[in-house]
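Structural characterization, general
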Amino acid sequence: MVGSRRLLIKNGVVVVYVVLSVLRWRSHRILRCFDRMASALASVALSAPFARGVPLPENPMVQRIGAGKIHDNRLFKGKAFRRVSMAVSVNVSRFDGVTMAPPDPILGVSEAFRADTSDLKLNLGVGAYRTEELQPYVLNVVEKAEKLMLERGENKEYLPIEGLAAFNKVTAELLFGADNPVIQEGRVATIQGLSGTGSLRLAAAFIQRYFSDAKALISSPTWGNHKNIFNDARVPWSEYRYYDPRTVGLDFDGMVADIKAAPDGSFVLLHGCAHNPTGIDPTPDQWEKIADVIQEKNHIPFFDVAYQGFASGSLDADAYSVRLFVRRGFELLVAQSYSKNLGLYAERIGAINVVCSSPDAGTRVKSQLKRLARPMYSNPPVHGARIVANVVGDPNLFNEWKQEMELMAGRIKNVRQRLYENLSQKDESGKDWSFVLKQIGMFSYTGLNKVQSEHMMDKWHIYMTKDGRISLAGLSLSKCEYLADAIIDSFHNLFTAALLVSKLVRPSKVNV
Ligand code: PLA
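Residues numbered from 1 in each chain as written. Predicted model: local features only at pLDDT ≥ 70, side-chain atom pairs only at ≥ 80, totals over all residues. Heavy atoms only, no water.

Quick word on the overall build of the chain
Test applied: Each helix is a run of H or I in the DSSP string that is no shorter than four residues. Each strand is a run of E no shorter than two, and both are numbered from the N terminus. Under the scheme applied here, a residue whose accessible area is under 20% of the maximum for its type counts as buried, over 50% as exposed, and between as partly exposed, the area being computed with a 1.4 Å probe on protein chains only. We call two residues in contact when some of their heavy atoms are within 4.5 Å. Per-residue and other accessible areas follow the Shrake-Rupley method at a 1.4 Å probe size, with only the shown protein chains counted as cover for residues.
In terms of regular secondary structure, the chain is built from 21 helices and 14 strands. A buried classification covers 50% of the 512 residues belonging to the chain. Here the contacts in the chain between residues at least 6 apart in sequence split such that 74% fall between residues at least 24 apart. Surface exposure of the chain reaches about 25300 Å², of which carbon and sulfur atoms provide 55%.

Listed below in structure tokens is the structure:
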């Protein structure tokens, strides 16, 4: 009698659970509420004493619950609770409430490119260097360093949290210059990071933890991932003007005015060289004035140096802005990447440097960066760090690297020149395309907007980001003419429609 009543109750609970689960599936808006109720009922249905009729998986945690060895409230919390509810959610995914993420605006372009079967297709989306034959390129110095590493038979032990000491040393020296007082006086906290992105992310976590009231200022436009990084680290950000579409150049007055208007003590994110996506850098004189206003406002400069040596072909010239700010006595942050200049994209090798006013502050900052890194990824990978240490730390390989870098930067400059010539010769409207030549680095910001950029992909099979950026590093001399035809067609034939759309779709200025 008692047994059948229990069975009845159990069945009733299971029916209610199924109904709730179906309703939950139908309505995302009330998902959370139903989810909690359904899961709680599932736990009750399966818990002692009336759950004996329901088959349980061979799971020690579930059995312990059945045997009543865990205190009641544990049923609704933590792992035990989740395991039990999974056991009855046969046809309903616990992940139904997870929506589809949009493709990444940059890396998603490569996915679309791979899916295109046309012979004409060209990938100018992601900034990755290709040879004139449009093949990926492994630098000779990297191959030599790897050969050395194999010969030495190095082990695969964990690195310390801050990374490989030899790597950190040569990396900071490369950036600031080995004879820079901040290096000599031990005032730089350098931590090996997961390339530029991971280093920026670690710095953002540091800002969030120690400067929770501060805001980050980023250029408009900027590399798309900057916003994601600050959003995920919960660092509020806003944009400063940077690009002037009328001159296809720097909106210097707008930039200075916006940096001035920001709350004192903001972190100003600056692209050390080869601004992404515009390819427009301030002149030395403008850098001085930017430093003036940052100083006046007590802001903290935060440099992103993803292209040292790759922009101009000279490591020193590309470190100009960072060294200027250091010379002027700023405390500052610099994220570094070896993805482009050493072609180590997949090795995820870079660093975060914090220049402090005293060695003591540097030591403390470093300890906190390590503390942040430990629960995120514990310690960084060794392979890329050893390559860098071997190349940058060895005078012969270092010189060879500089030559290879000049070659890569030179090929991009040649392609830039050829594209400009093709655009000028072929465009009968007389439009001035000289801005292409004024830009620096691996990108050209064509001025094409979203509709026009989509037309480049749909009609011409040329893959690029929808903000009108093309990676010249993915272009060959022989493809310049085809690209010029595509740009001219997209620019002139979609001009009116594109104007209308750009008026309707305005980028947001402030976030979180
Ligand atoms: N900072 C800037 C300004 C960048 O352009 C990039 C890479 C990075 C940091 C991070 O590079 P890393 O993590 O590989 O060191 N930007 C690329 C690739 C080249 C990307 O989006 O991830 C780009 O196509 O914009």
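The structure having been displayed, the exposition proceeds.
Points about the environment of glycine 329
In this fold, glycine 329 is placed in the loop between helix H14 (320-327) and strand S9 (332-337). Take glycine 329: its relative accessible area is 58%, and that puts it in the exposed class. In this structure, the C-alpha to C-alpha distance between glycine 329 and valine 355, residues 26 residues apart in sequence, is 9.5 Å.

As for the packing of aromatic side chains
Note the cut-off: For Phe, Tyr and Trp, rings pair up if their centres lie within 6.5 Å, where Trp contributes its six-membered ring, and each pair is then called stacked (planes under 30 degrees apart), edge-to-face (over 60) or tilted (otherwise). Lysine and arginine charges are scored as sitting over a ring when NZ or CZ, respectively, is within 6 Å of the ring centre and within 35 degrees of the ring normal.
Within this structure, the stated rule accounts for 19 aromatic pairs. Both rings, one in phenylalanine 211 and one in phenylalanine 267, keep their centres 5.1 Å apart while their planes meet at 75°; by these two values the pair is edge-to-face. Pair noted here: phenylalanine 211 is in the loop between helix H9 (195-210) and strand S3 (216-220) and phenylalanine 267 is in strand S7 (residues 267-271), with a separation of 56 residues, a long-range link. With relative accessibility at 33%, the residue phenylalanine 211 sits in the partly exposed group. The interplanar angle of 50° and the centroid separation of 6.1 Å between the aromatic rings of tryptophan 287 and phenylalanine 303 together place this pair among those described as tilted. In this pair, tryptophan 287 is assigned in helix H12 (residues 284-296) and phenylalanine 303 in strand S8 (residues 300-305), connecting sequence segments 16 residues apart. For the pair shown, tryptophan 287 and phenylalanine 303 are each scored as buried. Its guanidinium or amino end placed over the ring of phenylalanine 113, lysine 121 lies 4.4 Å from that ring's centre, counting from NZ or CZ. For arginine 469, the ring lying beneath its charged end belongs to phenylalanine 443, and the centroid distance is 3.7 Å.

Considerations on the pattern of salt bridges
Keep this limit in mind: Salt bridges are identified by distance alone: a Lys or Arg side-chain nitrogen within 4 Å of an Asp or Glu carboxyl oxygen.
Going through the model one piece at a time under the given rule, you end up with 22 salt bridges. Its salt-bridge partner being glutamate 454, residue lysine 450 comes within 3.5 Å of it at the nearest N-O pair. Of the two residues, lysine 450 and glutamate 454 both sit in helix H19 (residues 450-460), 4 residues apart, roughly one turn of that helix. The salt bridge partner of glutamate 454 is lysine 466, with a shortest N-O separation of 3.4 Å.

Considerations on the nonpolar core
Spelled out, the test is: Nonpolar core, defined: a set of buried Ala, Val, Leu, Ile, Met, Phe, Trp, Tyr and Cys residues in which side-chain atoms within 4.5 Å join the residues together. The domain boundaries here were taken from an automatic or database domain assignment.
One finds Phe176, Leu270, Phe325, Tyr338, Leu342, Trp401 and Leu419 to be the most contacted residues of the largest nonpolar core, which totals 98 residues. Ranked by the residues each element gives to this core, the list is headed by helix H17 (residues 395-426), at 9 residues. Per-domain counts for this core show at least three residues from each of domain 2 (109-135 + 404-505) and domain 3 (158-393). In contact with tyrosine 338, not counting residues within four places along its chain, are Phe167, Thr171, Leu174, Gly343, Leu344, Ile349, Gly350, Val388, Val392 and Trp401. By size, the runner-up hydrophobic cluster in this structure holds 33 residues, among which are Ile191, Ala203, Ile207 and Val235.

Considerations on the environment of aspartate 485
For aspartate 485, the position within the fold is in helix H20 (residues 480-493). On the basis of relative accessible area, aspartate 485 is assigned to the partly exposed category, the value being 28%. Separated by 63 residues in the primary sequence, aspartate 485 and asparagine 422 have C-alpha atoms spaced 8.3 Å apart.

What to know about unusual backbone geometry
A cis amide bond, omega 5°, links serine 220 with the succeeding residue proline 221. Residue asparagine 276 is joined to proline 277 through a cis peptide bond whose omega torsion reads 15°. Note that proline 277 resides in the loop between S7 and H12. A positive phi is found at arginine 234, a non-glycine position, where the angle reads about 60°. Assignment of secondary structure puts arginine 234 in the loop between helix H10 (225-232) and strand S4 (237-241). Positive phi, normally seen in glycine, also occurs at histidine 461, with a value near 60°. Take histidine 461: it is sitting in the loop between H19 and strand S12 (462-463).

Quick word on the site of the ligand
Here is the rule: If a single non-hydrogen atom of a residue is within 4 Å of a molecule or strand, that residue counts as near it. Between N or O atoms, a polar contact is any pair within 3.5 Å; within protein, one atom must be a potential hydrogen donor and the other a potential acceptor, and residues adjacent in sequence are included only when both atoms are from side chains.
Taken together, 17 residues surround the ligand, and among them Ser195, Thr197, Asn276, Tyr307 and Ser337 come closest. One of the backbone nitrogen or oxygen atoms of glycine 127 is found 2.8 Å away from an oxygen atom of the ligand. One of the side-chain N or O atoms of aspartate 304 is found 2.6 Å from a nitrogen atom in the ligand. Counting residues per element, the shell around the ligand draws most heavily on H9, which supplies 3 residues.

Structural notes on the side chain of threonine 190
Considering the arrangement of structural elements, one finds threonine 190 in strand S2 (residues 188-194). In terms of polar contacts, threonine 190 uses its side chain to reach the side chain of asparagine 353, at 2.9 Å. Setting aside chain neighbours within four positions, we find threonine 190 in contact with Asn168, Ala172, Ala351, Ile352, Asn353 and Lys366.

Some words on the pairing of S8
For clarity, the cut-off: Being paired, for any two strands, means DSSP has found at least two bridges between them.
The element S8 is extensively covered by neighbouring structure, given that 6 of its 6 residues are classed as buried. Residues of S8 alternate between two faces, with Ile300, Phe302 and Asp304 on one and Pro301, Phe303 and Val305 on the opposite face, all of them buried. In terms of strand pairing, S7 meets S8 through 5 bridges, oriented parallel. Each bridged residue has a counterpart across the sheet, and for leucine 269 the counterpart in S8 is phenylalanine 302. Bridge analysis of S8 against S9 gives 4 bridges, and the strand direction is parallel. Residue pairing for S9: aspartate 304 is matched across the bridge by alanine 335.

Digging into H19
Since the α-helix packs 3.6 residues into each turn, any two residues three or four apart lie on the same face. Of all the residues in H19, the buried ones are Val451, Gln452, Ser453, His455, Met456, Met457 and Trp460. Looking one or two places after H19, you find histidine 461, whose phi comes out positive at around 60°.

Some points on the packing of H12 against H14
Note the following rule: The convention used is that axes are lines fitted to C-alpha atoms, helices contributing only their stretch in contact, and that angles between N-to-C directions extend from 0 to 180 degrees. Here the angle decides the label: under 35 degrees means roughly parallel, over 145 means roughly antiparallel, 65 to 115 means roughly perpendicular, and every other value means oblique. Crossing handedness: left-handed means the near helix sits turned counterclockwise from the far one by under a right angle, and right-handed means the same turn made clockwise. Each residue gets one of three labels, nonpolar for Ala, Val, Leu, Ile, Met, Phe, Trp, Tyr, Cys and Pro, charged for Asp, Glu, Lys and Arg, and polar for the others, Gly among them.
Where H12 contacts H14, the axes come no closer than 10 Å and their chain directions differ by 40°. One element, H12, and the other, H14, form an angle in the oblique class. For the element pair H12 and H14, the recorded crossing hand is right-handed. Contact residues: Pro284, Trp287, Glu288, Ile290, Ala291 and Ile294 in H12; Tyr320, Ser321, Leu324 and Phe325 in H14. Looking at the contact of H12 with H14, its residues break down into 8 nonpolar, 1 polar and 1 charged.

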